Amino acid sequence: MYSIIRNLDEFNSIFNQPTCHPMVGIGDLSEADERLFEPTDFDAFCVVLMDADFGELSKGGLSMRYDPGTIFTAKPGEILALKRDPRISPRGKMLLVRPEMIENTGLGRDFYMFNFFDFKVTEALKLTEKEHSVIMNCYANIEAELNTPNDELTGHMLRLGIGALLSYCKRFYERQFNTVQFKTSDFIRRLDALLEEYFASGSTLPYVKGYPTVAWCAEQFNLAPNYFGNIVRRDLHISAQKYIQNKVMEKAKALLSDSTKSIDQVAEALGFSYSNHFTRLFKNQTGETPSEFRKKLNKK
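Here we summarise the structure given alongside this text. (Residues numbered from 1 in each chain as written. Predicted model: local features only at pLDDT ≥ 70, side-chain atom pairs only at ≥ 80, totals over all residues. Heavy atoms only, no water.)

**A word on the pattern of salt bridges**
A side chain of one charge can pair with a side chain of the opposite charge when the charged atoms of the two come close.
Piece 1. Applying the stated criterion across every chain yields a total of 18 salt bridges.
Piece 2. One salt bridge connects R65 with D85, and the closest N-O pair in it is separated by 3.3 Å. With R65 in strand β6 (residues 62-65) and D85 in the loop between β8 (79-84) and β9 (92-97), this residue pair connects regions lying 20 residues apart in the sequence.
Piece 3. When its relative accessible area of 38% is taken as the criterion, R65 is described as partly exposed.
Piece 4. For E131, the salt bridge is made with R175, and the minimal N-O distance between the two is 2.6 Å. Highlighted residues: E131 in helix α3 (residues 129-146) and R175 in helix α4 (residues 154-177), separated in sequence by 44 residues.
Piece 5. Overall, the relative accessible area of 33% leaves R175 in the partly exposed class.
Piece 6. Overlapping salt bridges, with partners in common, bring together D53, R65, D85 and R87 in one network. (Salt bridge = Lys/Arg side-chain N within 4 Å of Asp/Glu carboxyl O. Helix = DSSP H or I, 4+ residues; strand = E, 2+ residues; numbered from the N terminus. Buried < 20%, exposed > 50% of the residue type's maximum accessible area, 1.4 Å probe, protein only.)

Written out as structure tokens, the structure is:
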């Protein structure tokens, strides 16, 4: 069982503070009562700064303890829960933004950039000391606006503050992508080996799982698809889908060079349910059909 936070009054009651705005709120984790840590759908976009390792967070079936200075996010429909460590006092900040706050606004138009809301609990943002100061300043600016009497600019100013916070999170995530764990050469080597193993599995994986997808590749790295895609784009300057398609085309050309295999067999070995789907992709990628490619090879 879990509870749902349906409005800002319910959210602010957890922190024993008044509601200053019907769609935006910031809570100090040190002031929260125990309801904050129970399984809860906050039905909003949340940006949480953990400034103490005071428990194990659960989201989406995964759990994680965080070092101080870590940011994690949640979106409407996700259930958060935290198993408290009674020896350590909570410290940090929690921003809650109702979806209505950003709908049909400039911030809403640009929200596609903030794909870290889709990241797994294991893909939280670890801030440097300087980044932590920047993020705290962003929270302070939003809090200052919340404590200013409402006028015709209140919504606009709040969206500017929220946009700044999310933009800095995006920037700092880009810095985090460039870590030792995901150095270009190692990451691409692992990805290439993964795809090669996929097609070298005696057709087992392609037959069962079909055409290799970004989601499947990301899962093998224990990453969210968006997080995985960001790393590929950073390192290769193309989308993850495009990179996978290029690898599939390389394998397709090798298979087509074997004249004992029909086009249908090649398509099936690559994980395509229908050979016409394979033919369409092959032509889009190479400018010729598999049959035309094979005829050209035979002439050579």
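**Re helix α11 (residues 275-286)**
Piece 1. The first and last C-alpha atoms of α11 sit 16 Å apart over twelve residues, in line with the 16 Å expected at 1.5 Å per residue.
Piece 2. Summarising the contacts, the buried residues of α11 are in contact with α9 (240-256), α10 (263-269) and α12 (290-299).
Piece 3. Immediately downstream of α11, the backbone of G287 shows phi near 85°, a positive value. (Expected span 1.5 Å × (residues − 1). Contact = heavy atoms within 4.5 Å.)

**Comments concerning the sheet that holds strand β4 (residues 45-50)**
Piece 1. Here we have five strands laid out as an open sheet, ordered β2-β9-β4-β7-β10, and antiparallel in their pairing. Only two strands of the sheet have a single neighbouring strand rather than two, namely β2 (24-28) and β10 (125-126).
Piece 2. Pairing analysis gives five bridges linking β4 to strand β7 (residues 70-74), with the strands arranged antiparallel. Residue pairing across strands places V48 opposite F72, the latter belonging to β7. (Pairing = 2+ DSSP bridges.)

**Things to note about the sheet that holds strand β5 (residues 55-59)**
Piece 1. Pairing is mixed in the open sheet, where five strands are placed in the order β1-β3-β8-β5-β6. Every interior strand has two partners, whereas the edge strands, β1 (3-4) and β6, have only one.

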